[in-house]
Amino acid sequence: QQQVKQSPQSLIVQKGGISIINCAYENTAFDYFPWYQQFPGKGPALLIAIRPDVSEKKEGRFTISFNKSAKQFSLHIMDSQPGDSATYFCAASYSRQLTFGSGTQLTVLP
Amino acid sequence: DAGVIQSPRHEVTEMGQEVTLRCKPISGHNSLFWYRQTMMRGLELLIYFNNNVPIDDSGMPEDRFSAKMPNASFSTLKIQPSEPRDSAVYFCASSSQGAWGGYTFGSGTRLTVV
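Residues numbered from 1 in each chain as written. Chains lettered and ligands numbered in written order. Predicted model: local features only at pLDDT ≥ 70, side-chain atom pairs only at ≥ 80, totals over all residues. Heavy atoms only, no water.

Enquirer: Account for the overall build of chain A, naming residues and giving values.
Expert: Counting its secondary structure elements, chain A contains zero helices and eleven strands. Against the 2.2 N^0.38 benchmark of 13 Å for 110 residues, chain A shows a C-alpha radius of gyration of 13 Å, consistent with a compact globule. By its C-alpha atoms, chain A is 40 × 30 × 20 Å across when sized along the principal axes. Relative to its 110 residues, chain A shows a buried fraction of 44%. The long-range fraction of contacts in chain A, counting pairs at least 24 apart against all pairs at least 6 apart in sequence, stands at 52%. Within the structure as shown, chain A displays about 5,500 Å² of accessible surface, and the carbon and sulfur contribution to it stands at 49%. (Helix = DSSP H or I, 4+ residues; strand = E, 2+ residues; numbered from the N terminus. Rg over C-alpha atoms; globule rule 2.2 N^0.38 Å. Buried < 20%, exposed > 50% of the residue type's maximum accessible area, 1.4 Å probe, protein only. Contact = heavy atoms within 4.5 Å. Areas by Shrake-Rupley, 256 points an atom, 1.4 Å probe, with all protein chains shown as cover.)

See below:
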C-alpha cells in the first residue's frame, strides 16, 4: 500500500516537445506529492510539489496534474530542453516520510 | 547554507573491509535519512532518524550495516564487512520539522567494493 508506481521507465522527446511522466498510488493517506530531478553525479533535488487539495500546480515550464479520485498524478514539462535531460522521481508523503517511484530517465534530443 | 554534505564522494574498497560513510545535515533540520540507489532497485530507504534517534531501520539490508547519529550535525553509515553487492550510491537527506518541503539530498557517496 506504500508503493508509488511510476511510468515510463525511460522517455525520449524532441527539443520543444512535451514530456509527460505518470505516477499512481494506493495509500489515500498520502498528503504531499513532490517531484525530484536528478542529474548524473548529483543527489535528487526537489523540482515541484503539490498537495491533494488542488488539481494542478504550475511553475514555469513544469506542471503537476493531480487526480485525487483516480489516485494519479503526472509531471508535464512543456517546451522540453536538452538541459532537462535527467532522471525524474515522483514521490508521495505520509507523516513526512517519502515513498519514491522507480524513476524515469528523460532524454531531450537537440 | 552549504546543503547536506557527504563524504567521501567516492570510495573504493576491497571485499571484507570496513567502510564508513559520513553525513552532515542542514543546520536546523531534525530528520535525517540514508538511502541507497542502484539501477536494479532504485532509491531504497535504509534508515531514518528524528532528533538523532533511529526511528525506522527496517530497510537496513543486513547486520553488516549500522548507522549512528551522535549529534544533530553528524551521522555515519558503516558497512562491516563490505561485499561487492554493496556497491551503490549512498545518499543522505535531511528535512525540517517546520514548514515542510520534502527532503534535501546530499551529492552522495559512490561506493565500489572489489
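Enquirer: Outline the environment of glutamine 97 of chain A, listing residues and values.
Expert: Considering the arrangement of structural elements, one finds glutamine 97 of chain A in strand β10 (residues 97-100). Expressed as a C-alpha distance, the spacing of glutamine 97 of chain A and tyrosine 32 of chain A, which sit 65 residues apart in the sequence, is 9.7 Å.

Enquirer: So what about the state of the cysteines? Which residues, and what values?
Expert: As enumerated under the stated definition, the model contains two disulfides over all chains in all. The residue that forms a disulfide with cysteine 23 of chain A is cysteine 90 of chain A, at a sulfur-sulfur distance of 1.9 Å. Disulfide cysteine 23 of chain A to cysteine 90 of chain A: torsion about the S-S bond roughly -95°, handedness left-handed. One end of the pair, cysteine 23 of chain A, is in strand β3 (residues 19-25); the other, cysteine 90 of chain A, is in strand β9 (residues 86-94), with 67 residues separating them in the sequence. Take cysteine 23 of chain A: its relative accessible area is 2%, and that puts it in the buried class. Classification of cysteine 90 of chain A by relative accessible area gives buried; the value is 0%. Shown here is the disulfide that connects cysteine 23 of chain B with cysteine 92 of chain B, its sulfur atoms set 1.9 Å apart. Between cysteine 23 of chain B and cysteine 92 of chain B, the disulfide has an S-S torsion of -65° and is therefore left-handed. (Disulfide = S-S within 2.5 Å.)

Enquirer: A description of the sheet that holds strand β8 (residues 74-79) of chain B should follow, citing residues and the corresponding values.
Expert: Residues and elements named next belong to chain B. If you trace the four strands from one edge of the open sheet to the other, you get β1-β3-β8-β7, paired in antiparallel fashion. Taken across any chain shown, the strands that pair with only one partner, and hence form the sheet edges, are β1 (5-7) and β7 (65-71). Direction aside, the axes of adjacent strands within the sheet are offset by 15° on average. In the sheet, β1 pairs with strand β3 (residues 19-24) via three bridges, with the strands oriented antiparallel. Within the sheet, the bridge partner assigned to serine 7 lies in β3 and is arginine 22. (Pairing = 2+ DSSP bridges. Axes fitted to C-alpha atoms, helices over the stretch in contact; angles between N-to-C directions.)

Enquirer: Requested: an account of the nonpolar core, with residues and values cited.
Expert: The biggest cluster of nonpolar side chains holds 24 residues, and the ones touching the most others in it are Phe33, Trp35, Phe73, Leu75 and Tyr88 of chain A. Looking at this core element by element, the count peaks at four residues for β9 of chain A. Leu46, Leu77, Ile79 and Ala88 of chain B belong to the second largest nonpolar core, which has 21 residues in total. (Core = buried A, V, L, I, M, F, W, Y, C linked by side-chain atoms within 4.5 Å.)

Enquirer: Which residues make up the sheet that holds β3 of chain A, and what values go with them?
Expert: As a general point, the strands of a sheet are linked pairwise by backbone hydrogen bonds and lie either parallel or antiparallel. All names here are of chain A. Read across the open sheet, the five strands follow the order β1-β3-β8-β7-β6; overall the sheet is antiparallel. Two strands in the sheet have a free side with no partner beyond their single neighbour: β1 (4-7) and β6 (56-59). On average, adjacent strands in this sheet sit at an angle of 15° to one another, irrespective of strand direction. In this sheet, β3 lies alongside β1 in antiparallel orientation, the contact comprising four bridges.

Enquirer: Lay out unusual backbone geometry in plain terms, naming residues and giving numbers.
Expert: The amide bond that connects serine 7 of chain A to the next residue, proline 8 of chain A, takes the cis arrangement and shows omega of -5°. Cis geometry marks the peptide bond from serine 7 of chain B to proline 8 of chain B; its omega dihedral reads -10°. With respect to the helices and strands, the residue proline 8 of chain B is situated in the loop between β1 and β2 (10-13). One non-glycine residue with positive phi stands out, namely asparagine 51 of chain B, at about 50°. Since its relative accessible area comes to 51%, asparagine 51 of chain B is described here as exposed. Even without being glycine, asparagine 52 of chain B reaches a positive phi, approximately 75°. Checked against the element boundaries, asparagine 52 of chain B lands in the loop between β5 (42-50) and β6 (53-56). Overall, the relative accessible area of 29% leaves asparagine 52 of chain B in the partly exposed class.

So far we have only geometry, and geometry alone does not tell us how the molecule works.
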